[in-house]
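# Structure at a glance
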Amino acid sequence: MIVGIAVCECIIYDAHSLKEKRAVLQRILSRLKQKFNVSVSEVDYQDVWQRTQIAIAAVTSKRVMTELELQNALKLIDSFPEIERTITRFEWL
């Protein structure tokens, strides 16, 4: 069993309030949960309007499968025009 975690920092340029930021994040996080077999959460910068840190965790039987699931989830985040992914790091357990 392999546990993979991708932690990515993102910028939401058009958010001018926490309410606008949370609306964008809610749409992205729910789409990730629907489309992929991952757990996802905002883990930092909850009180900052235009910045967020998202953690995505996946568990599979092989590292290649875990990595593929995380990469596909990151591609989905990148497909949203209102958010820009900056720093991304991976952890393996």
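Everything below is about the structure shown above.
Let me begin by describing the structure that accompanies this report.

So, about the sheet that holds strand S1 (residues 2-11). With antiparallel pairing, four strands are arranged side by side in an open sheet as S2-S3-S1-S4. Of all the strands in the sheet, the pair left with one neighbour each is strand S2 (39-44) and strand S4 (84-92). Neighbour-to-neighbour, the strand axes of the sheet open up by a mean angle of 25 degrees, direction not taken into account. The pairing of S2 with strand S3 (residues 51-60) spans five bridges and is antiparallel. Each bridged residue has a counterpart across the sheet, and for glutamate 42 the counterpart in S3 is isoleucine 54. Of the strands in this sheet, S2 and S3 touch helix H1 (residues 18-35), which is tilted by about 150 degrees from S2.

The phi torsion at tyrosine 45 lies on the positive side, around 60 degrees, for a residue other than glycine. Tracing the backbone shows tyrosine 45 in the loop between S2 and S3.

Let's shift gears to the pairing of S1. Most of S1 sits inside the fold, with seven of its 10 residues counted as buried. Relative to S3, S1 runs antiparallel, the two being bridged by 10 bridges. Residue pairing in the sheet places valine 3 in a bridge with valine 59 of S3. By the bridge criterion, seven bridges tie S1 to S4 in an arrangement that is antiparallel. Counted as the bridge partner of cysteine 8 is threonine 88 from S4.

Rules of the game
Residues numbered from 1 in each chain as written. Predicted model: local features only at pLDDT ≥ 70, side-chain atom pairs only at ≥ 80, totals over all residues. Heavy atoms only, no water. Pairing = 2+ DSSP bridges. Helix = DSSP H or I, 4+ residues; strand = E, 2+ residues; numbered from the N terminus. Axes fitted to C-alpha atoms, helices over the stretch in contact; angles between N-to-C directions. Contact = heavy atoms within 4.5 Å. Buried < 20%, exposed > 50% of the residue type's maximum accessible area, 1.4 Å probe, protein only.

It is worth stressing that arrangement in space is one thing and function is another; only the former is reported here.
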